[in-house]
Amino acid sequence: MEADKMFKELVDKGQPVGEIIGIDSFLIKVRGLQPANVHALIRFEDGSKGYIHHVYEDYVVVMKLGTTVLRIGMVCVIQHSELLTKVGKNFVGRVVNIFGEPLDDKGPIEPDAVWDVFHNAPMLYERKLLDTQLETGITVLDINYSLVRGQRMAVLGDGKVGKTAMTTQIAINQKNTDITVIYVLIAKRQRDVAQLVDRLEKNGALEKAIIIVTNMFESLVTTYLAPYIGAAHGEYFWQQLAMDTLVIYDDLTSHAQAYREISLIAGVSPGRDSYPGDMFYTHSSLVERAGRLDRNGATQTILPIIYAPSGDITAYLPTNVMSMTDGQWILDMAIFKDTMRPAVSTGLSVTRVGGVGQNKRQKGLAATLNKTLAGYRVAEEYAHFGTELSPEAQADYDKGKALFRLMNQDIGEGYSLMDQQFLLDLVLNAKPEEQIDIKKMKGLVKEYSAKVQEDKDMKGNWDQLRDELKAQVVIIDEKKAAEIAKAAKAAETAAAKAVAAEAPAEGGKKPDGKDGDKKSDKPDEKKDDKSDDKKPEAVKTEEKSDKPAEPPKDQKPVEPVAAGEEKK
């Protein structure tokens, strides 16, 4: 057999050998093999493989790959000092298992190279700041919670809330970009695998993607290795070929459960929720394999999906992953059922890179969108109890409803960044009496965004095209316009009455009967007599006159009082 030949060649080369002394399911206890490293690839005499999981003083524990039955006393040899996987451009457009074997009946795959499965993440000094937005095609994400190439963004939510559907939409949108997608399906049902492949194929995105599959009936070892294999495929394109990649782990909760079972069988002391103590390190070593390299400028973006039971994002795994990523998109079941899909919670989701990669218009729209949605949430609370809303609150409520209709997208319904700017600008800046045909606007927007010509300062024909699109999709509600005009006139009348109430009435009396402002006791400085104007004011006050000074008109004359007499 060919396997026996390889085994003999390795032994003849003097590679360390060992003997099986114990078998516990897929964990094989081997005596010998020293010196050996953790993750070293082992070949058994029957041709089956495994890798070293633990190294002890007098034996090692090997995790068996495959389903062949081993027995005590069999001999094994070290094939490589590290676990390697086949990688290359020929895997693009294919569906494979963790061993690189095709599952799509399209023939064998010739690899270009091999790559370390447990490859270390780049050091900090090897990295470069991120500055380019990754287009997801999903309006609410690209404007409000933008993703940057090289970022790590967690996707959290309850079961059946649309996490896979949203990441599938993101993968489909990359057919319009230069990004290669590596989609890792971890412990999935065959139906889920077929659904993903069908969606990518129908939308023409499979040609830009590698799908790595482990189903729920395979061994725990293959489930545990799947995300590491996916990261290795992405790293080959990223680090070796200077290509931008996007790796999606669907999902890391299944991976964590498999690792928990492996650790418990291996006798590792359990920690919180029975997970091993190095659970955080296990996931962080996967998530950290993203970023942007300084030497070639290429990026690898990672989207780990995490199951949050009943939407509880404070559980052990969600909090773990949130603390090691640059933001999170949180999907909510109530929003999924009643509001929009993808069911992104606009109150809980966040990105920690801000508006990096966005232009001024996008940042302005994001700020306005947040303000509008905040007003909608307040108005919705009042409307929920049947309270009559003020005109301003009603306008916020109506605009929020229109925004959610706009941001509701089916799988395969993607919009470019320019499309999104047209769509949001028209809805956010619409007047209360203007009704927008959302469906018609979505159908026309691509035609107008293709005509946009702008420079770096965003000067061009964008405003003109926006006005042309607005003229086709906006309908004026005459009834509402009349109501708004009537309300405005009433408010203007009330304001005029308020001003009149504050002004003094004729004759020095206010409308309420009170005296108006009294005249000043000082005589006017300006006199009708021109001769008096020539004299200085100081001289006027010093002049003596035989006549007593006349009292002011508003006061009665004061009679002189003799010395020693009291006032009456």
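## Comments concerning the overall build of the chain
- Of regular secondary structure, the chain possesses 17 helices and 21 strands.
- Among the 568 residues that make up the chain, the fraction classed as buried is 45%.
- Contacts in the chain between residues far apart in sequence, at least 24 positions, make up 72% of those at least 6 positions apart.
- When the accessible surface of the chain is summed, it comes to about 30900 Å², and 51% of that surface belongs to carbon and sulfur atoms.

## Focus on the sheet that holds strand 6 (residues 75–80)
- With antiparallel pairing, the six strands of this closed barrel are ordered in space as 1-2-5-4-3-6. Averaged over neighbouring strand pairs, the angle between their axes works out to 45° when direction is ignored.
- Two strands pair when backbone bridges link them, and strand 4 (residues 49–55) and strand 5 (residues 60–65) are joined in this way by six bridges, in the antiparallel orientation. Looking at strand 5, one finds that Lys-49 is bridged to Leu-65.
- Along the sheet, helix 5 (residues 220–240) contacts strand 4 and strand 5; its crossing angle with strand 5, the most-contacted strand, is approximately 90°.

## Considerations on the side chain of Gln-358
- Note on placement: Gln-358 falls in the loop between strand 19 (350–351) and helix 10 (360–384).
- On the basis of relative accessibility, which here comes to 10%, the residue Gln-358 falls in the buried class.
- Reaching out from Gln-358, the side chain makes a polar contact with the backbone oxygen of Asp-142 at a distance of 2.9 Å.
- Here Gln-358 is in contact with Gln-133, Asp-142, Ile-143, Ser-146 and Lys-363, once residues within four sequence places are set aside.

## Section: the packing of helix 11 (residues 391–407) against helix 12 (residues 417–428)
- Running from N to C, helix 11 and helix 12 cross one another at 165°; their axes reach a closest spacing of 10 Å. The orientation of helix 11 with respect to helix 12, classified from their angle, is roughly antiparallel. The two elements helix 11 and helix 12 meet at a crossing, and its hand is right-handed. Along the contact surface, helix 11 presents Lys-399, Ala-402, Leu-403 and Leu-406, while helix 12 presents Leu-423, Leu-424, Val-427 and Leu-428.
- In terms of residue class, the contact of helix 11 with helix 12 is made up of seven nonpolar, no polar and one charged.

## Notes on the layout of surface pockets
- Taken as a whole, the largest pocket encloses approximately 1100 Å³ of empty space.
- Lys-160, Lys-163, Thr-164, Lys-188 and Asp-192 are, among the 40 residues lining the largest pocket, the residues nearest its centre.
- In terms of residue count, helix 3 (residues 163–173) provides more of the lining of the largest pocket than any other element does, six residues in total.

## A closer look at the confidence of the model for the chain
- Confidence along the chain averages 87 in pLDDT terms, with 88% of residues attaining 70 or more.
- Considering only residues more than four positions removed or in separate chains, one finds that residues 516–548, a stretch of pLDDT under 50, has 10 contacts.
- Counted against residues more than four places away or in other chains, residues 556–568, with its pLDDT under 50, gives two contacts.

## What about helix 5?
- Between its terminal C-alpha atoms helix 5 stretches 30 Å, which fits the 30 Å expected from 21 residues at 1.5 Å a residue.
- Where helix 5 bends most, the angle comes to about 35°, and this point is Ala-226, followed within four residues by the proline Pro-227.
- Taken across its 21 residues, helix 5 has 20 buried, putting it largely inside the fold.
- Just past helix 5, the residue Ala-242 takes up positive phi, approximately 55°.

## Quick look at the environment of Ala-379
- Locating Ala-379 in the fold gives a position in helix 10.
- Judged by relative accessible area, Ala-379 falls into the buried class, the value being 2%.
- Residues Ala-379 and Leu-389, spaced 10 residues apart in sequence, show a C-alpha to C-alpha distance of 7.4 Å.

## Quick notes on the pairing of strand 17 (residues 299–307)
- Within strand 17, eight of the nine residues are buried, which leaves it mostly tucked inside the rest of the structure.
- One ladder, built from three bridges, connects strand 12 (residues 154–157) with strand 17; its direction is parallel. When the sheet's bridge partners are listed, Val-155 is paired in strand 17 with Ile-305.
- Direction of pairing for strand 16 (residues 291–292) relative to strand 17: antiparallel, over a ladder of two bridges. Paired with Arg-292 across the strands is Thr-299, a residue of strand 17.
- A loop of six residues connects strand 16 with strand 17, the two strands running antiparallel in sequence, and Gly-297 in this loop sits at a positive phi of about 75°.

## Thoughts on helix 11
- With 17 residues, helix 11 extends 24 Å between its outermost C-alpha atoms, agreeing within 8% with the 24 Å of an ideal straight helix rising 1.5 Å per residue.
- Ala-393, Gly-400, Ala-402, Leu-403, Phe-404, Leu-406 and Met-407 are the residues of helix 11 that are buried.
- Those residues of helix 11 that are buried are in contact with helix 2 (139–144), helix 10, helix 12 and helix 13 (438–449).

## Notes on the packing of helix 12 against helix 14 (residues 462–473)
- Between helix 12 and helix 14, the shortest axis-to-axis distance is 10 Å and the interhelical angle comes to 60°. The angle between helix 12 and helix 14 falls in the class oblique. The interaxial crossing formed by helix 12 with helix 14 has right-handed handedness. Contact residues: helix 12 offers Met-418, Gln-421, Phe-422, Asp-425 and Leu-426, while helix 14 offers Trp-462, Leu-465, Arg-466, Leu-469, Lys-470 and Val-473.
- Each residue belonging to the contact of helix 12 with helix 14 can be placed in one class, and the counts come to seven nonpolar, one polar and three charged.

Cut-offs applied
Residues numbered from 1 in each chain as written. Predicted model: local features only at pLDDT ≥ 70, side-chain atom pairs only at ≥ 80, totals over all residues. Heavy atoms only, no water. Helix = DSSP H or I, 4+ residues; strand = E, 2+ residues; numbered from the N terminus. Buried < 20%, exposed > 50% of the residue type's maximum accessible area, 1.4 Å probe, protein only. Contact = heavy atoms within 4.5 Å. Areas by Shrake-Rupley, 256 points an atom, 1.4 Å probe, with all protein chains shown as cover. Pairing = 2+ DSSP bridges. Axes fitted to C-alpha atoms, helices over the stretch in contact; angles between N-to-C directions. Polar contact = N/O pair within 3.5 Å; in protein donor to acceptor, adjacent residues only side chain to side chain. Parallel < 35°, antiparallel > 145°, perpendicular 65-115°, else oblique. Left-handed = near helix turned anticlockwise from the far one by under 90°. Nonpolar A, V, L, I, M, F, W, Y, C, P; charged D, E, K, R; others polar. 1 Å grid on protein atoms, 1.4 Å probe; cavity = no way out; pocket = protein on both sides within 12 Å on 5 of 7 lines; lining within 4 Å. Points joined across faces, edges and corners; volume = space filled by probe spheres on them. pLDDT = per-residue confidence, 0-100. Expected span 1.5 Å × (residues − 1). Bend = angle between axes of the 7 residues up to and from the residue.

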